[in-house]
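Inside the fold
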Amino acid sequence: MTALAVTVALVAGLAIGWLAWKGGPLPEIPYRRFTIATANVGDAKISPDGRHVAYEVLRQGQSVNIWLRDIESDNSREIAELPWSYSSFAWSPKSDAIVFNMGDELTKFSLTSGATVTLCNLETRAVGGLAWSPDGEIIVLSSSSRSQARLFEVLARGGSPRPLFEADTSEQPVRRYAPHFLPSQSGRRALLYTEADEIGANGRIMLWDMAGDERRELVAGIRPAYSPTGHILYQREVGLWALPFSIDSLTVTGESFLIRQGADSASVARDGTLVYRESDDDGPQQLVWKSREGRTLGTIGQPQVRIWGPRISPDGKSIAVHGVDNGNQDIWIHDTARSVKMRLTSDPAQENRAIWSPDGRHI
């Protein structure tokens, strides 16, 4: 299995590549880059002031540890251990606090005092994204049920979650997750989020001008993040893409282009510093049998974009993994005797770490 790393680079390099491709002049732009080589990294987000990186480290037993790294000093420290893998976190606009779900509670952690405060109780422990408004007044979260993912808002000082959309009662409800606020323009709030028509479907990036209550689709993809270079960064398959975008008119101004293959989890600071997660290689992955001497004896199942956490069934006929196909991470079953695979879950949240029951009939 490939290890994951968090890489920090100046997103101005994105603009340089775009200008070079268009034949324009290349400006003098400072550049810095380093890697946090940590296995099992989940989401990674840079603080708005560009001074810190918070990132998840996934642990066995479905727990998540949130770590904080100071960019200038290279010091890292653990700030929270979450008892549930379906977690999320977000920075405050002043970069002095982090909000995350501690089980079924929304919790705020202060970087200055180290204190934690419970903001509210949640209807579920599965959270598919958090975003803190630029004015610091509200927090938007995606709360996932078995049938759909809905967006809620909570006052940053605390209070009960309020749904932003009515519950969808159709047979295939619209699922909304991974919210992200655009920088505030003239005091108005604008929210990006991922929307999918059905479970397991490819997502699309939506824009909601909250002042005028206008919603529209921008591009096919998931997990958007705005860059001050004038782009919306997002994930398509296992790759990081950029969509030229005007923050003044809230309109798309050009065609999307690939900026990094094998990367996801984009986050950008106000100074243009980009954090993203990347894997060791960019090609599809395949389960294989190995001898004790390390020789490859044969392949298992079918290739996937990414494969993690293989677990062999008690009878040895199947292998459960959490893998990525069509930009979504789910539990898959690979057949050891035939070149086939089967999707077991299809929620847009990340399912992982499957464990077989002793009789092999349940996961």
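Above this text you will find the structure in question.
**Thoughts on unusual backbone geometry**
Residue S95 is not a glycine yet carries a positive backbone phi of 65°. Examined against the element boundaries, S95 turns out to sit in the loop between β7 (89-91) and β8 (97-102). What makes S95 buried here is its relative accessible area of 6%. A positive phi is found at L250, a non-glycine position, where the angle reads about 55°.

**Focus on the packing of aromatic side chains**
According to the stated counting rule, one finds two aromatic pairs in the structure shown. Each ring, one from F165 and one from W208, has its centre 5.1 Å from the other, and the planes form 40°; the classification is tilted. Of this pair, F165 sits in the loop between β14 (162-163) and β15 (175-181) while W208 sits in strand β17 (residues 204-209), placing them 43 residues apart in sequence. Like W208, F165 is buried. These aromatic residues form a ring-pair network of at least three members: F165, Y193 and W208. Sitting over the face of the ring of F89, K45 holds its NZ or CZ atom 5.0 Å from the ring centroid. If you follow R236 out to its NZ or CZ, it ends over the ring of W241, 4.2 Å from the centre.

**As for the side chain of R277**
Within the element layout of this structure, R277 appears in strand β25 (residues 273-279). Of the residues examined, R277 reaches a relative accessible area of 9% and is grouped as buried. A polar side-chain atom of R277 sits 2.8 Å from a polar atom in the side chain of D264.

**Concerning the layout of surface pockets**
Estimated volume of the largest pocket: approximately 780 Å³. Along the walls of the largest pocket sit 35 residues, with I46, H180, F181, S267 and V268 positioned nearest its centre. Among the elements of the structure, β3 (41-46), β7, β11 (127-132), β15, β19 (222-227) and β24 (263-268) are those that each provide at least two residues to the lining of the largest pocket. The biggest single contributor to the lining of the largest pocket is β11, with five residues. Tallied by class, the residues present in the lining of the largest pocket amount to 22 nonpolar, nine polar and four charged.

**Topic: the pairing of strand β4 (residues 52-59)**
A regular strand carries its side chains on alternate faces of the sheet. β4 sits mainly inside the fold: seven of its eight residues count as buried. Where β3 meets β4, four bridges bridge the pair, whose relative direction is antiparallel. The residue of β4 that forms the bridge with A44 is Y55. In sequence, β3 turns back onto β4 through a hairpin of five residues, with G50 there showing a positive phi of about 75°. Direction of pairing for β4 relative to strand β5 (residues 63-70): antiparallel, over a ladder of eight bridges. The residue of β5 that forms the bridge with V53 is R69.

Calculation rules
Residues numbered from 1 in each chain as written. Predicted model: local features only at pLDDT ≥ 70, side-chain atom pairs only at ≥ 80, totals over all residues. Heavy atoms only, no water. Helix = DSSP H or I, 4+ residues; strand = E, 2+ residues; numbered from the N terminus. Buried < 20%, exposed > 50% of the residue type's maximum accessible area, 1.4 Å probe, protein only. Phe/Tyr/Trp six-rings, centres within 6.5 Å; stacked < 30°, edge-to-face > 60°. Lys NZ or Arg CZ within 6 Å of the ring centre and 35° of its normal. Polar contact = N/O pair within 3.5 Å; in protein donor to acceptor, adjacent residues only side chain to side chain. 1 Å grid on protein atoms, 1.4 Å probe; cavity = no way out; pocket = protein on both sides within 12 Å on 5 of 7 lines; lining within 4 Å. Points joined across faces, edges and corners; volume = space filled by probe spheres on them. Nonpolar A, V, L, I, M, F, W, Y, C, P; charged D, E, K, R; others polar. Pairing = 2+ DSSP bridges.

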